[in-house]
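# Analysis of the macromolecular model
Listed below, chain by chain, are the residues.
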Amino acid sequence: MTEETERRNFYGRTHGKTLRASQKQYLAEDLGRISLSGVTRADNPARTPLDLAKLTGGRPLWLEVGFGGGEHLVHMAARYPGVFIIGCEPFVNGVAMLLGKVRQAGLDNLVIHPGDVRDLFDVLPDSCVEKCFLNYPDPWPKARHHRRRFVTPGYLSALARVMQPGAEFRVATDIPDYVRQTLEEVPPAGFDLIRQAGEGGAWEDWLSTRYEQKALREGRAPNYLTFRRQR
């Protein structure tokens with residue numbers, strides 16, 4: 001364990017409104033089954049890399065960072081049964097929402113890490129992820145908090161390490177300054193911008209999330225950025 005991971009701070013919310021009875025049931029009955037083991041420092045203090053062949057059964061590995069309520073994650077897992085997806089989300093209310101959707105859909109090609117994605121990066125092998133999604137991340141709007149955004153060197157260097165050469169990284173956001181920082185920070189981390197689109201230019205397999213619908217209601221336009229990991 002490095003000094004950095006020993007003193008790592010996490011700034012996002014982990015709890016929100018009181019959970020409904022059904023959500024508490026999902027957490028009690030399903031969270032253990034769908035959670036990825038060997039990620040936290042308590043479970044894996046040696047930070048031994050995950051056995052992805054055993055986990056995925058040889059299927060391509062995708063990653064969603066901050067899955068919110070899980071709409072997009074469940075949609076992609078159902079649409080692409082031949083891939084295996086890991087979703088990361090520390091917000092327990094979102095995790096509970098996802099578990100309900102997974103139970104209803106009967107999916108078996110995804111797992112989650114209900115915590116800090118940096119802990120997952122610690123134990124993912126090099127060049128293992130074929131596609132990554134960052135949908136409506138926490139904008140951290142105050143300038144002094146911009147260093148907490150995902151599109152900063154600490155997160156991006158770890159992401160670049162685990163992504164395969166040629167892998168696709170998608171970013172969706174309604175915050176113009178987040179677009180600015182994404183365009184500034186992602187390419188130096190080892191990615192090429194291959195597509196930038198505004199409202200109406202989402203990916204063909206995109207599912208609009210509740211965060212996007214809220215942004216549209218409030219007059220904020222979506223932005224869709226596609227990067228490719230350099231070879």
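Counting restarts for each chain, with residues numbered from 1 along the sequence as it is written. Selection of residues for local features in this predicted model requires a pLDDT of at least 70, selection of side-chain atom pairs for listing and counting requires 80 or more, and totals for whole chains, interfaces and linings are taken over all residues. As a rule here, side-chain values cover all heavy atoms of the structure and leave hydrogens and water aside.

Next up on the list: the sheet that holds strand E7 (residues 223-229). Pairing between strands is defined by DSSP: at least two bridges between them are needed. Labels follow the DSSP assignment, with helices taken as runs of H or I lasting at least four residues and strands as runs of E lasting at least two, numbered in each case from the N terminus. One open sheet holds the 7 strands; their spatial order is E3-E2-E1-E4-E5-E7-E6, and the pairing between them is mixed. This sheet does not close on itself; its edge strands, each paired only once, are strand E3 (110-113) and strand E6 (191-197). Direction aside, the axes of adjacent strands within the sheet are offset by 20 degrees on average. The pairing of strand E1 (residues 61-65) with strand E2 (residues 84-88) spans 5 bridges and is classified as parallel. Each residue of the ladder has a partner; that of Leu 61, found in E2, is Phe 84. Throughout, an axis means a line fitted to C-alpha atoms (over the contacting stretch in the case of helices), and angles, computed between N-to-C directions, take values from 0 to 180 degrees.

This brings us to the packing of helix H4 (residues 71-79) against helix H5 (residues 92-105). Close contact between H4 and H5 brings their axes to 9 Å; oriented N to C, the two are set at 25 degrees. If you check the angle between H4 and H5, you find them roughly parallel. Crossing of H4 over H5 shows right-handed handedness. Residue-level contacts link Glu 71, Leu 73 and Val 74 of H4 to Leu 98, Lys 101, Val 102 and Ala 105 of H5. Angle categories are assigned with fixed cut-offs, so that under 35 degrees is roughly parallel, over 145 is roughly antiparallel, 65 to 115 is roughly perpendicular, and the rest are oblique. By the definition used in this description, the sense in which the near helix is turned from the far one sets the handedness, with an anticlockwise turn below a right angle giving left-handed and a clockwise turn giving right-handed. In this analysis, two residues are considered to be in contact whenever any of their non-hydrogen atoms come within 4.5 Å of each other.

Once that is clear, we can look at unusual backbone geometry. Although it is not a glycine, Ser 127 sits at a positive phi angle of roughly 50 degrees. With respect to the helices and strands, Ser 127 occurs in the loop between helix H6 (117-123) and strand E4 (129-135). Positive phi values are uncommon outside glycine, yet Tyr 136 reaches one of about 50 degrees.

Only one rule defines a salt bridge in this text: a Lys or Arg side-chain nitrogen within 4 Å of an Asp or Glu carboxyl oxygen. Enumeration according to the criterion identifies 18 salt bridges in this entry. In this structure, Arg 170 and Asp 205 form a salt bridge, with 2.8 Å as the shortest nitrogen-oxygen distance. In this pair, Arg 170 sits in strand E5 (residues 163-173) while Asp 205 sits in the loop between E6 and helix H9 (210-217), placing the two residues 35 residues apart along the sequence. For Asp 174, the salt bridge identified is with Arg 220, shortest N-O distance 2.4 Å. One end of the pair, Asp 174, is in the loop between E5 and helix H8 (176-185); the other, Arg 220, is in the loop between H9 and E7, with 46 residues separating them in the sequence. In this structure, a network of salt bridges that share partners links the residues Glu 29, Asp 30, Arg 33 and Arg 103.

Each residue carries a pLDDT score, the predictor's own confidence in it, on a scale running from 0 to 100. Taken residue by residue, the chain gives an average pLDDT of 91. The fraction at 70 or more is 93%. In the model, residues 1-7 has pLDDT below 50 throughout and makes 5 contacts with residues more than four positions away in sequence or in other chains.

A few words on the environment of Val 151. Considering the arrangement of structural elements, one finds Val 151 in the loop between E4 and helix H7 (153-162). Three labels apply to residues, based on accessible area from a 1.4 Å probe with only protein chains included: buried if under 20% of the type maximum, exposed if over 50%, partly exposed otherwise in between. Overall, the relative accessible area of 0% leaves Val 151 in the buried class. Put simply, Val 151 and His 75 are 76 residues apart on the chain and 24 Å apart in space, counted from C-alpha to C-alpha. Among residues more than four places away in sequence, those in contact with Val 151 are Leu 134, Leu 156, Tyr 178, Gln 181, Thr 182, Glu 185 and Val 186.

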